Amino acid sequence: MSTPQKFEFQTEIRQLLDIVIHSLYTEKEIFVRELVSNAADALEKLRHLQVFEKEVFDDRLPMEINLTTDDKARTFTIQDFGVGMTRAELIENLGTIAHSGSKEFLKALGESGAKGASLIGQFGVGFYSAFMVAKRVRVYAHSWRSAEPGHLWESDGTGEYTIEEADGQRRGCKIVVELKDECSEFSLASVIEASLKRYSSFVPFPVNLNGKRVNTIQAIWLRNKNEIKDEEYLEFYKFQANAFDTPRLRLHFSADAPLAINALLFVPEENPERFGLVRTEPAVALYCRKILIDPHPKDLLPEWLRFLKGVVDSEDLPLNISREMTQDRSLIAKLSRVLTRRFIKCLEEEAKDRADSYKDFYSRFGVYLKEGAALDATYKDELMKLLRYESSLTKPGETTSFTDYISRMKDGQKEVYYLVGPNRAAIEAGPYLEGFRARNLEVLFCYENVDEYVMTNVHEFDGKRLLAADHADVKLDDLPKPPAEGALTEEQTKTLVAWVKETLGDRVAEVKTSDRLVDSPALALNADKFMSPHMRRLMKAMKTEGAGDTPPRVELQLNPRHAVIKHLDAARTAKPDVAKLMAEQILDNALIAAGLLDDPQKMVARIYKLMETIS
Ligand code: ADP
Ligand code: MG
């Protein structure tokens, strides 16, 4: 036995300890993660070493990590039978800043000037995090080398530590954390267990708490997928996602380049955002060699993939630097790209090989793909290919893709046409489709609010502009002239058009003779470059300030072949008062069909007036 010898911590360690001890840090529980991960590292090192070394002290100890809590003595103890430490190693590893984890922490602290508190969680300050909760820490260590005796390292974290010989040690480390009064909850088994479950469930060695095994679920993402049963995946999913459903889709893959990745991703049965109210938080957890780094990494996947569950494990994030992840943009961005591309590919395969399953997925999660197509330029093209719409050529309930639409486009057609409406029946009943139908032009049907946003944001696909069929920019070819019989002559039409414009004044941007109407007398085209009728309705519904204050800008088109228009022309000279009412009513009818009529009250009064003229 020797007397305890005193040492001073290296200056940097003193600074570090000062921050650790004095920061009001909220996630104190991460000290458990740190000590467990050190224990696992020590066991891992021993496993490698045993391959070559014949002489290992205290051989045949179980490869496990044992934790005990004592709420009377207010202590927390962790013991592993790993490589342990010699006297020199205790000084080197626990008294100096030689190892990278804490060094990075101090570096970042210097750079950001941020409060230490917020950085501890990201970096983990390894062993020293024990001092967040400890009055005193005792480390009993015995190296795997037989030559040296065991030692006790001891400190209260305030600048000095002592080392003395200690007999009767088993191989490895036993760390006794004597808790501060205000941190005594960490001497409760339930508190430690919760923390172990959260951070250390997949540690590759048995972790026992007061003699009971805690980590029973395997890190199956690292296993060969051919050897994993569906039930095992299901059990893992339920554990990991804290879920009760059966995932509808799973992607288990590994990659070596550009990064070593093992990932296991799930799409849940139901989209939790489908009924509004909640916004899903990212839930694909980031691991490094089975140790949790971040359960909800913000930048690991793009926003629009927030519905995914599962884990991503990358060995390229060595544990000690990995907690700096959020700082390391390029590494995480690389990881994100690999994962996203791989998942998109999985959806492409699904769409191709299991159309029904894809359709069901799309009906619930398609909205995320649309969000991505509209907002994430990086994946826009791939995502557009995954979108599906009903169209004027599909049967109700059946859908088509942009790619298929383009393959069916007529010679000379430069644009992809779409119409937004609440459902198929409403779009088909409107006046806009008939001109396209008569010319055999396909129109995509969009039923969701987000569609409008996608179409206007994306703007084009495969070099073809996406254009609303009710927009004034749409120019359709002439149809073969219908029988001129009874239609207004060109001259008559010109005069009528001019008269209508004069009569309606500012209520219309322009009046034209129609190039597209077949069965309807008139239609209103949106002439507003910036706001579609649908968007205008939405903004009004949301009572957005300024929306709907100014009347919509429309182009009114008249069908000179239609009886109502012929009557109008006759009334223009015979009964000017009635003709004026008619013109206004024709415009209102067209606005109703366009979803642009703001005030139906005036219209009701006008209809009564019109009725009075019927004798
Ligand atoms: P890191 O784990 O990032 O290296 P830590 O502060 O957690 O940093 O640990 C510092 C060093 O102390 C480790 O690198 C290791 O060499 C040593 N160490 C800590 N805990 C143990 C243990 N249970 N057994 C053996 N060595 C340990
Ligand atoms: Mg560590």
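Since the model is a prediction, treat every value here as computed from it, not as a measurement.

Scoring rules and cut-offs
Residues numbered from 1 in each chain as written. Chains lettered and ligands numbered in written order. Predicted model: local features only at pLDDT ≥ 70, side-chain atom pairs only at ≥ 80, totals over all residues. Heavy atoms only, no water. Helix = DSSP H or I, 4+ residues; strand = E, 2+ residues; numbered from the N terminus. Rg over C-alpha atoms; globule rule 2.2 N^0.38 Å. Buried < 20%, exposed > 50% of the residue type's maximum accessible area, 1.4 Å probe, protein only. Contact = heavy atoms within 4.5 Å. Lys, Arg positive; Asp, Glu negative; His and termini not counted. Charge placed at Lys NZ, Arg CZ, Asp CG, Glu CD. Axes fitted to C-alpha atoms, helices over the stretch in contact; angles between N-to-C directions. Parallel < 35°, antiparallel > 145°, perpendicular 65-115°, else oblique. Nonpolar A, V, L, I, M, F, W, Y, C, P; charged D, E, K, R; others polar. Salt bridge = Lys/Arg side-chain N within 4 Å of Asp/Glu carboxyl O. Phe/Tyr/Trp six-rings, centres within 6.5 Å; stacked < 30°, edge-to-face > 60°. Lys NZ or Arg CZ within 6 Å of the ring centre and 35° of its normal. Pairing = 2+ DSSP bridges. Left-handed = near helix turned anticlockwise from the far one by under 90°. Expected span 1.5 Å × (residues − 1). Arc of directions from axis to C-beta. Domains from an automatic or database assignment. Buried area = accessible area lost by both parts, 1.4 Å probe.

## Concerning the overall build of the protein chain
Step number 1: The number of helices and strands found in the protein chain is 20 helices and 22 strands.
Step number 2: Taking 2.2 N^0.38 as the reference for a compact globule, 615 residues should give roughly 25 Å; the C-alpha atoms of the protein chain span a radius of gyration of 36 Å, well beyond that estimate.
Step number 3: On the principal axes, the C-alpha backbone points of the protein chain span a range of 125 × 45 × 35 Å.
Step number 4: Residue burial in the protein chain is summarised as follows: out of 615 residues, 51% are buried.
Step number 5: The long-range fraction of contacts in the protein chain, counting pairs at least 24 apart against all pairs at least 6 apart in sequence, stands at 71%.
Step number 6: Across the protein chain, the 84 positively charged side chains and the 97 negatively charged ones have centroids separated by 3 Å.

## Description of the packing of helix 16 (residues 490-504) against helix 19 (residues 576-594)
Between two packed helices, the angle of one axis relative to the other and the distance separating the axes together describe the packing.
Step number 1: Remark: helix 16 packs on helix 19, axes separated minimally by 10 Å, with the N-to-C direction vectors making an angle of 85°. When the axes of helix 16 and helix 19 are compared, the pair comes out roughly perpendicular. Residue-level inspection shows Trp499, Thr503 and Leu504 of helix 16 in contact with helix 19, the latter providing Ala579, Lys580, Ala583, Glu584 and Leu587.
Step number 2: Among the residues forming the contact of helix 16 with helix 19, the class breakdown is 5 nonpolar, 1 polar and 2 charged.

## Overview of the pattern of salt bridges
Step number 1: Counting across every chain of the model gives 38 salt bridges.
Step number 2: A salt bridge links Glu281 to Lys298; the nearest nitrogen and oxygen atoms lie 4.0 Å apart. Placement of Glu281 in the loop between strand 11 (261-267) and strand 12 (283-288) and of Lys298 in the loop between strand 13 (291-294) and strand 14 (309-313) is noted, with a sequence separation of 17 residues between them.
Step number 3: What makes Glu281 partly exposed here is its relative accessible area of 47%.
Step number 4: Judged by relative accessible area, which is 55%, Lys298 ranks as exposed.

## Some remarks on the packing of aromatic side chains
Step number 1: All told, the structure shown has 29 aromatic pairs when counted by the stated rule.
Step number 2: Taking the centre distance of 6.3 Å and the plane angle of 80° together, the rings of Phe127 and Phe131 count as edge-to-face. For the residue pair Phe127 and Phe131, the accessibility class agrees, reading buried in each case.
Step number 3: Every member of this aromatic cluster is reached through a ring pair, and the members are Phe7, Phe9, Phe127, Tyr128, Phe131, Trp153 and Tyr161.
Step number 4: In this structure, Arg342 is placed above the aromatic ring of Phe253, and the distance from its NZ or CZ to the ring centre is 5.3 Å.

## Some words on the environment of Ala527
Step number 1: Inspection of the secondary structure assignment puts Ala527 in the loop between strand 21 (522-526) and helix 17 (533-541).
Step number 2: Separated by 47 residues in the primary sequence, Ala527 and Ala574 have C-alpha atoms spaced 32 Å apart.
Step number 3: Once residues within four sequence positions are removed from consideration, Ala527 is found in contact with Ala472, Arg553, Val554 and Glu555.

## Notes on the pairing of strand 5 (residues 151-155)
Step number 1: Among the 5 residues in strand 5, 5 count as buried, and that is most of the element.
Step number 2: Both faces of strand 5 are covered, namely the face carrying His151, Trp153 and Ser155 and the face carrying Leu152 and Glu154.
Step number 3: Direction of pairing for strand 4 (residues 134-142) relative to strand 5: antiparallel, over a ladder of 5 bridges. Bridging from a neighbouring strand, Val137 pairs with Ser155 of strand 5.
Step number 4: Taken together, the 5 bridges between strand 5 and strand 6 (residues 160-165) define a ladder with antiparallel strand orientation. Pairing of Leu152 across the sheet is with Glu164, part of strand 6.

## Here we look at the packing of helix 19 against helix 20 (residues 600-612)
Step number 1: Taken N-terminus to C-terminus, the directions of helix 19 and helix 20 make an angle of 140°; their axes are 10 Å apart at the nearest point. Here helix 19 lies oblique to helix 20, going by the angle between them. Where helix 19 crosses over helix 20, the two elements pack in a sense that is left-handed. For the pair formed by helix 19 and helix 20, the contact residues are Val578, Leu581, Met582, Glu584, Gln585, Asp588 and Ile592 on the first element and Met603, Arg606, Ile607, Lys609 and Leu610 on the second.
Step number 2: Each residue belonging to the contact of helix 19 with helix 20 can be placed in one class, and the counts come to 7 nonpolar, 1 polar and 4 charged.

## Comments concerning the sheet that holds strand 10 (residues 249-255)
Step number 1: Reading across from one edge, 10-11-14-12-13 is the order of the 5 strands in this open sheet, with mixed pairing throughout. Two strands bound the open sheet, and with one partner strand each, they are strand 10 and strand 13. Taking the axes of each pair of neighbouring strands and ignoring which way they run, one obtains an average angle of 20° across the sheet.
Step number 2: Of the pairings in the sheet, the one linking strand 10 to strand 11 comprises 7 bridges and is antiparallel in character. In the sheet register, Leu249 faces strand 11, and the bridge partner there is Val267.

## Digging into helix 20
Step number 1: Across its 13 residues, helix 20 extends 19 Å between first and last C-alpha, which sits within 8% of the 18 Å expected from 1.5 Å per residue.
Step number 2: Those residues of helix 20 not exposed but buried are Met603, Arg606 and Leu610. All buried residues of helix 20 project into a common sector of 65° when viewed along the axis, lining one side. Summarising the geometry of helix 20, the exposed residues directed more than 90 degrees from the buried face are Gln601, Tyr608 and Glu612.
Step number 3: Tucked into the core, helix 20 has its buried residues touching helix 19.

## A short note on the sheet that holds strand 2 (residues 65-70)
Step number 1: Strand order in the open sheet made by the 9 strands is 1-6-5-4-7-3-2-8-9, with mixed pairing throughout. Each of the sheet's edge strands pairs with one partner strand only, and the pair in question is strand 1 (5-8) and strand 9 (212-213).
Step number 2: Against the sheet, helix 2 (residues 30-52) touches strand 2, strand 3 (75-80) and strand 7 (172-179), its axis set at about 20° to strand 3.
Step number 3: Those strands touched by helix 6 (residues 189-199) are strand 2, strand 3, strand 8 (207-209) and strand 9, and its axis lies near 160° from that of strand 8.

## Describing unusual backbone geometry
Step number 1: Here the residue pair Ala257 and Pro258 is connected by a cis peptide bond, since its omega of 0° sits within 30 degrees of zero.
Step number 2: Along the chain, Pro258 falls in the loop between strand 10 and strand 11.
Step number 3: Despite not being glycine, Arg60 has its phi angle at roughly 70°, a positive value.
Step number 4: Since its relative accessible area comes to 79%, Arg60 is described here as exposed.
Step number 5: Its identity is not glycine, yet Asn242 carries a phi of approximately 55°, on the positive side.
Step number 6: With respect to the element layout, Asn242 can be found in the loop between helix 7 (230-241) and strand 10.

## Quick look at the domain arrangement of the protein chain
Step number 1: Each assigned domain of the protein chain is listed here: domain 1 (5-213), domain 2 (220-356), domain 3 (388-468) and domain 4 (490-612).
Step number 2: The C-alpha centroid of domain 4 is placed 25 Å from the C-alpha centroid of domain 3.
Step number 3: Listed as interface residues are 10 residues of domain 3 and, on the opposing side, 16 residues of domain 4.
Step number 4: With both chains or domains summed, domain 3 and domain 4 bury close to 1100 Å², and 56% of this area falls on carbon and sulfur atoms.
Step number 5: For the side of domain 3 that touches domain 4, the elements supplying multiple residues, two or more each, are helix 14 (433-438) and helix 15 (449-458).
Step number 6: Counting residues per element, the side of domain 3 that touches domain 4 draws most heavily on helix 14, at 4 residues.
Step number 7: Broken down by class, the residue content of the side of domain 3 that touches domain 4 amounts to 5 nonpolar, 2 polar and 3 charged.

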